[in-house]
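As a plain string of letters, each chain reads:
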Amino acid sequence: MALVFLPRLFTASMSPKPAFSSPKAPFRLSASAVDVRVESGAAATSTTAIVWYKHDLRVEDHPGLVAASQHRCVVPLYVFDRRILSRFSDEMLELLLFALEDLRKLLNEQGSNLMIRFGRAENVIGELVKEVQASSIFAEEEVEYELRIILDIVEESLSTLSLSGENTKILTWNTPFYDVKSLVDLPSSYNDFKKLNPPVVSPIMPPKLSGNLMNLSWGTLPTLADLKEYRDDISDGGNKKEEWTSIKNLSAENLLQRKNLRGNVELKPPKLEKENQQDPDSKTIRRKKPEKSAFVTSQGSSVGGGSSLVLNALAGYLRYLEGTARDEWQEVHEKLRLSEKREGASFQALFGSALLLGIISRRRVYDEAIKYEKERNGGFLSPFGYSTTTVAAAINTASSMEWYWLLNLKCQKSKAGNFSIRIWRWNNYLIQYTTAGHEGPAILLVHGFGAFLEHYRDNVYPIAEAGNRVWAITLVGFGKSEKPNTIYTELVWAELLRDFIIEVIGEPAHLVGNSIGGYSVAIVAGIWSSLAKSVVLMNTAGNIIPGYSALGYSEDRRTSGAVWLGARLLLVYLRFNIRNILRSFYPASYDPGVIFVLESIFSFDLSLALNYLLEGFERKILVIQGMKDPLSDSKSMLAMFREHCREIAIKEVNAGHCPHDELPNEVNSIIKEWVAALESEGSPVAVEQLQQ
């Protein structure tokens, strides 16, 4: 397997081409998006400030709340905005409500309160500004594109208001993990960043609020049922159809079982679900939920509640090796064992949602882990690494999340380059994408293993200029998208593409994929056919299997000792053998988490036949094959396509494994003609035209 897939790491171009040189509309940043600097002893102002809570649901280690506390009156606010809620699963909504309940309690202890409002943020905040005569709004800085747009909309709406001759300002803040003076100077390589040895910033204590409460209607928290109904109501500008949102409810694994694509395989739930559904007589089922349990949701898979519950669960997690008599820590240890799919993966699985909601900060996680490490080692830190896997998992996850947050925030703020990078959050991970075109059919471009969205730098704008809307995405684990500690499979990438089509594109798209990206779009078309208008496979991975029958499909991709060693040897090879020009273009071999992606090379499962995945897509399949591909026998591959896939279009080009990169003009023309033919009334002739 390693020999087959090792060359696919080099799908990135070896030529020094500028990324996306075509013109674009500039991304607008808020003029008032400045860092909040708080000086101890600064005199309190006589004005009112609003603290707009979003993903920062805490009072400890909250720089925005500290800055706002200098005002005469502080109004903490949470807005249930459907544009934000639509990104949350049912369990995340439940975690949100528990976190808000605790936040209100903590604010009450400070002599304050938490205002609850429903509606579009710009409308709610505009009305509240007029009601309380607020001079400033403190909001956490965002890296996700849609949330940054909401911040800009709020700022624009406030520009029309004038209180005492002055406009209300939005002051953005963040909770810096590292003491980074300027994002402009942030290295693009994590290896170079580590050489700077930036200090980690310590958490700050909660401020003392004035307690000067106004006579306001503070609102009540909704029930979970009411909040779900509110989120799913599409009458208020919603454009997602109910059947589309329901598509995400079942995993690719379960749908493959239902469609019987594996043959006569016994239908059974995935491993983790099976482990959770224990025998009724087991101790796990009979044990009463601990009084201080942090697994507050009905599903019970993520740590949540308020800050104190999360911090207590973190303490139990860090002390896993010690054993405990405390019921709530025993529960944490049981959940840890269930979610430890690979070493260290349990921390993200258990605490990722709490970090996303900002119940505790990333630097608080680091601080607690370092304190415990010193406690174990007599006040010292070993230069040879951390003493337990749980300490290492907590620190590595928090620092990795911070690195990708900084890297992607720099992309949002930087004016370098000639095209815009957007950030979308998927399953708590930051994913990069770009888009071009304002009208026409939707087209999604998906790269191969080891590449990223810039691999389509010569394709996005030319295809868009033909009257199409084009998206190019960097899959999780590649480029500057996040590389979490998880198990990467072809089904994971397929589910990511499914959700991207639903949440970002918002309509069926023509799916174009190269190498493993081709196999991923084939899986999307085979499982969720309503999302694909057509499929374009460029030197795709996968196989045509005559007489497809029940084949073994690996459900358990846990890392073996051989895979662990092989991935690390491969990483050493890449770091010392990639040409300098490619290393400067793609420095991600030093990124945190890259080793987890490389391990997936040794566990890919391509047993789902392309001819079965694409069954029912007759006249909607285009194969673009570089005939000089050194990784496969192109002639044999095309012969199998012609024999076992009915009514497909095939174009042979004089290129290698990445024809779109080697012959962009020719490939762009083929794709544009294909989409135009399918979108026209005479779509049945598309195959005949392209086969000429």
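Per an unreviewed UniProt entry, the chain is named Pheophytinase, chloroplastic, and its organism is Sesamum angustifolium.

S.K.: For this particular structure, what's the right way to read the sheet that holds strand S8 (residues 442–446)?
M.R.: Sheet strands line up and pair through hydrogen bonds in the backbone, either parallel or antiparallel. The eight strands lie next to each other as S6-S7-S9-S8-S10-S11-S12-S13, forming an open sheet whose pairing is mixed. Two strands in the sheet have a free side with no partner beyond their single neighbour: strand S6 (422–426) and strand S13 (649–653). Averaged over all neighbouring strand pairs, the angle between strand axes comes to 25°, with direction disregarded. With five bridges joining them, S6 and strand S7 (residues 429–436) adopt antiparallel strand pairing.

S.K.: Could you clarify how one ought to interpret helix H13 (residues 307–318) in this entry?
M.R.: For an α-helix, the turn length of 3.6 residues means that residues three or four places apart are oriented alike. Here H13 contains twelve residues, and its C-alpha end-to-end distance of 16 Å stays within 8% of the 16 Å for a straight helix at 1.5 Å per residue. With ten of twelve residues buried, H13 is to be regarded as a mostly interior element. Within H13 the residues assigned to the buried category are Ser307, Val310, Leu311, Asn312, Ala313, Leu314, Ala315, Gly316, Tyr317 and Leu318. Where the residues of H13 are buried, they touch helix H4 (90–109), helix H14 (327–339), helix H15 (345–356), helix H16 (362–376) and helix H17 (389–413).

S.K.: Help me understand the nonpolar core in this model?
M.R.: Proteins that are soluble and globular tend to have nonpolar side chains buried together. By size, the foremost hydrophobic cluster in this structure holds 130 residues, and its most contacted members are Trp52, Tyr53, Tyr78, Phe80 and Leu96. In this structure, Phe80 is in contact with Leu85, Leu96, Leu97, Leu100, Ile116, Arg117, Phe118, Gly119, Leu221, Pro222, Leu227 and Tyr230, ignoring residues within four places of it in sequence. Judged by nonpolar contacts, the second largest core, of 69 residues, contains Tyr429, Ala442, Ala509 and Phe596.

S.K.: Got a minute to help me understand the pairing of S7 in this structure?
M.R.: On a regular strand, each side chain points to the face opposite its neighbour's, so the side chains alternate between the two faces of the sheet. Judged by how many residues are buried, S7 sits mostly within the fold: eight of eight residues are covered. Covered by surrounding structure in S7 are Tyr429, Ile431, Tyr433 and Thr435 together with Leu430, Gln432, Thr434 and Ala436, the residues of both alternating faces. Count of turn residues in the S6/S7 antiparallel hairpin: two residues, of which Asn427 carries a positive phi of about 50°. Across four bridges, S7 lies against strand S9 (residues 469–473) in antiparallel orientation.

S.K.: Mind showing me how you'd approach the sheet that holds strand S2 (residues 71–80) here?
M.R.: One open sheet holds the five strands; their spatial order is S3-S2-S1-S4-S5, and the pairing between them is parallel. Strands at the two margins of the open sheet, each flanked by one partner only, are strand S3 (115–118) and strand S5 (169–173). With direction set aside, neighbouring strand axes in the sheet form an average angle of 30°. Pairing geometry for strand S1 (residues 45–53) and strand S4 (residues 134–140), over five bridges, is parallel. Considered in S4, the bridge of Thr48 is made with Ala134.

S.K.: Can you help me understand unusual backbone geometry in this one?
M.R.: Most peptide bonds take the trans configuration, and most residues that are not glycine carry a negative phi. Within the chain, Gln133 stands out as a residue other than glycine whose phi angle is a positive 55°. The exposure class of Gln133 is partly exposed, given its relative accessible area of 45%. Positioned with a positive phi, Asn197 is a non-glycine residue whose angle comes to about 50°. Among the structural elements, Asn197 can be located in the loop between helix H7 (190–196) and helix H8 (224–232). Its relative accessible area of 63% is what places Asn197 among the exposed residues.

S.K.: Before we go on, may I ask you to explain the packing of aromatic side chains in this structure?
M.R.: Think of a pair of aromatic rings as described by two things: how far the centres are apart, and how the planes are tilted against each other in angle. Tallied over the full model, the rule gives 19 aromatic pairs. Taking 4.8 Å as the distance between ring centres and 15° as the angle between the ring planes, the aromatic pair formed by Phe347 and Phe351 counts as stacked. With Phe347 and Phe351 both in helix H15 and four residues apart, this pair spans about one turn of that helix. The exposure classification of Phe347 matches that of Phe351, with both residues buried. Through a chain of ring-to-ring contacts, three or more aromatic side chains come together here, namely Phe177, Tyr178, Tyr190, Phe193, Tyr366 and Trp403. We note Lys54 situated over the ring of Trp52; from NZ or CZ to the ring centre the distance is 4.9 Å. Just above the ring of Trp329 sits the side chain of Arg326; from NZ or CZ to the centre is 4.0 Å.

S.K.: Explain the side chain of Ser307 here, please?
M.R.: Relative to the elements of secondary structure, Ser307 occurs in helix H13. Taking relative accessible area as the criterion, Ser307 reaches 11% and is therefore assigned buried. Apart from the residues lying within four places of it in its own chain, the contact partners of Ser307 are Leu57, Arg58, Asp102, Leu106, Ile359 and Ile360.

S.K.: Explain the pattern of salt bridges to me, please; I cannot follow it from the model alone.
M.R.: Between side chains of opposite charge, a pair can form as their charged atoms come close. Applying the stated rule across the entire model yields 31 salt bridges. For Glu375, the salt bridge is made with Arg319, and the minimal N-O distance between the two is 3.5 Å. In this pair, Glu375 is assigned in helix H16 and Arg319 in the loop between H13 and H14, connecting sequence segments 56 residues apart. Note that Arg364 and Glu368 form a salt bridge whose closest N and O atoms lie 3.0 Å from each other.

S.K.: Honestly, the environment of Leu537 in this entry has me stumped. Any pointers?
M.R.: In this fold, Leu537 is placed in strand S11 (residues 532–538). On a C-alpha basis, the gap between Leu537 and Tyr519 in space is 7.9 Å, while along the polypeptide they are 18 residues apart. Leaving out residues up to four positions away in the same chain, Leu537 has contacts with Gly513, Gly518, Val521, Leu614, Leu622, Val623, Ile624 and Phe641.

S.K.: Just to check I follow, could you spell out the environment of Ala345 for this structure?
M.R.: Along the chain, the position of Ala345 falls in helix H15. Here the alpha-carbon distance between Ala345 and Asn485, two residues 140 residues apart in the chain, equals 5.2 Å. Beyond its immediate chain neighbours, meaning those up to four positions away, Ala345 contacts Ser339, Glu340 and Asn485.

S.K.: Just checking my understanding: could you explain the packing of H15 against H17 for this structure?
M.R.: Packed helix pairs are specified by the crossing angle of their axes together with the interaxial distance, meaning the distance between the axes. At a minimum axis distance of 11 Å, the contact between H15 and H17 shows a crossing angle of 50°. As judged from the angle between their axes, H15 and H17 are oblique. The hand of the H15/H17 crossing is right-handed. Contact residues: Phe347, Gln348 and Leu355 in H15; Ala393, Ala394, Thr397 and Met401 in H17. Partitioned by chemical class, the residues of the contact of H15 with H17 number five nonpolar, two polar and no charged.

S.K.: Just to check I follow, could you spell out the side chain of Glu482 for this structure?
M.R.: Along the chain, the position of Glu482 falls in the loop between S9 and helix H19 (490–505). With residues up to four places along the chain from it excluded, the contact list for Glu482 reads Met401, Tyr404, Asn428, Tyr429, Leu430, Val476, Gly477 and Tyr488.

S.K.: What exactly am I supposed to notice about the pairing of S9 here?
M.R.: Counting buried positions over the five residues of S9 gives five, a clear majority of the element. Burial along S9 is two-sided: Arg469, Trp471 and Ile473 facing one way and Val470 and Ala472 facing the other are all buried.

Definitions and cut-offs
Residues numbered from 1 in each chain as written. Predicted model: local features only at pLDDT ≥ 70, side-chain atom pairs only at ≥ 80, totals over all residues. Heavy atoms only, no water. Pairing = 2+ DSSP bridges. Helix = DSSP H or I, 4+ residues; strand = E, 2+ residues; numbered from the N terminus. Axes fitted to C-alpha atoms, helices over the stretch in contact; angles between N-to-C directions. Expected span 1.5 Å × (residues − 1). Buried < 20%, exposed > 50% of the residue type's maximum accessible area, 1.4 Å probe, protein only. Contact = heavy atoms within 4.5 Å. Core = buried A, V, L, I, M, F, W, Y, C linked by side-chain atoms within 4.5 Å. Phe/Tyr/Trp six-rings, centres within 6.5 Å; stacked < 30°, edge-to-face > 60°. Lys NZ or Arg CZ within 6 Å of the ring centre and 35° of its normal. Salt bridge = Lys/Arg side-chain N within 4 Å of Asp/Glu carboxyl O. Parallel < 35°, antiparallel > 145°, perpendicular 65-115°, else oblique. Left-handed = near helix turned anticlockwise from the far one by under 90°. Nonpolar A, V, L, I, M, F, W, Y, C, P; charged D, E, K, R; others polar.

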